[in-house]
Amino acid sequence: MAAPTELLAAWEIGLTLPASSAQRAALLHALARPGRAADELLGVPVGTRDAELLGLRAALFGDILSVRIGCPACGADLEFDVDATGLAATAPEAEPEPLTDGDWTVRFRLPTPADLLAVRDQAAEDPRRGLAARLVLEARRGDRAVRADRLPERVVHLLAEAVAAADPAADISFAMACPDCGAQVRTQLDIATYLWDELDSWARTTLADVHALASSYGWTEPDVLALSPLRRRYYLELAGHG
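Residues numbered from 1 in each chain as written. Predicted model: local features only at pLDDT ≥ 70, side-chain atom pairs only at ≥ 80, totals over all residues. Heavy atoms only, no water.

So, on to the overall build of the protein chain. The helix and strand inventory of the protein chain stands at 10 helices and eight strands. For the protein chain, the C-alpha radius of gyration of 22 Å lies well beyond 18 Å, the compact-globule estimate for 242 residues. Projected onto its principal axes, the C-alpha coordinates of the protein chain cover approximately 75 × 50 × 35 Å. When each of the 242 residues of the protein chain is scored for burial, the buried share is 36%. Pairs at least 24 residues apart make up 59% of the contacts formed inside the protein chain by residues separated by at least 6 positions. Surface summary for the protein chain: the accessible area is close to 13,400 Å², and the carbon and sulfur share equals 52%. Charged side chains in the protein chain number 23 positive and 36 negative. The centres of these two groups are separated by 6 Å. (Helix = DSSP H or I, 4+ residues; strand = E, 2+ residues; numbered from the N terminus. Rg over C-alpha atoms; globule rule 2.2 N^0.38 Å. Buried < 20%, exposed > 50% of the residue type's maximum accessible area, 1.4 Å probe, protein only. Contact = heavy atoms within 4.5 Å. Areas by Shrake-Rupley, 256 points an atom, 1.4 Å probe, with all protein chains shown as cover. Lys, Arg positive; Asp, Glu negative; His and termini not counted. Charge placed at Lys NZ, Arg CZ, Asp CG, Glu CD.)

Interhelical geometry of helix H5 (residues 113–121) versus helix H6 (residues 127–135) gives an angle of 135° and a closest axis separation of 9 Å. When the axes of H5 and H6 are compared, the pair comes out oblique. As for how H5 packs across H6, the hand of that crossing is right-handed. Residues Ala-114, Asp-115, Ala-118 and Val-119 of H5 pack against Pro-127, Gly-130, Leu-131, Arg-134 and Leu-135 of H6. Looking at the contact of H5 with H6 residue by residue, the classes come out as six nonpolar, one polar and two charged. (Axes fitted to C-alpha atoms, helices over the stretch in contact; angles between N-to-C directions. Parallel < 35°, antiparallel > 145°, perpendicular 65-115°, else oblique. Left-handed = near helix turned anticlockwise from the far one by under 90°. Nonpolar A, V, L, I, M, F, W, Y, C, P; charged D, E, K, R; others polar.)

Residues Leu-28, Leu-31, Leu-54, Leu-65, Leu-87, Phe-174 and Leu-189 are the most contacted members of the largest nonpolar core, which totals 41 residues. Looking at this core element by element, the count peaks at 10 residues for helix H8 (residues 191–217). Core analysis: the second largest hydrophobic core is formed by 17 residues, Trp-104, Val-155, Val-156 and Val-163 among them. (Core = buried A, V, L, I, M, F, W, Y, C linked by side-chain atoms within 4.5 Å.)

Such coordinate-based values are descriptive only and should not be taken to indicate function.
What follows is the structure, encoded as structure tokens:
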């Protein structure tokens, strides 16, 4: 597991990046896979990355995720806990089966973080079509080859469904009935954003602890970070900050 100093260094870098960005997800993924090259991390399927981010989250903060969403129908707050251990249990298909529909046959690969970054940078284009053009290895209608950027809307839609089925961990969603009004509520878990929010909260609390103990005992930041969480809490209580 990453040391507190590594987590704080990643948090500091992450503050300079756009909120809810693919760059923050890549930063967190580097913590989950220490020593791996950035190009390698950007080239894994999105579902693999998210599964490894769930593993990092469990190591840092535990297996239970608390999810809070608002009902779009009545505005009620819905809160529930999710056990993260089973969320990413389904591994992505190494070589997805080709999409076939009528006389269409489309061979494709799974999206990677690099694909998401590339599509984000092509803001002027339809992101679905931009992503489809990157994922298609070969498209044929009967005996005729078709360029990936010339697929009809129906095939692009079917391709999106085929990609989701081949890499289910890349789209972790929940559906439930609102207990107040009965409306169906659906939400998607963005584990990178969820984990970043937790890391941000942890970092700010940790630095507040460093400030309090440094002020009380004259310790340095490394001194405080070297303490176990239990001992740190005890010293904070002794210093009147508990």
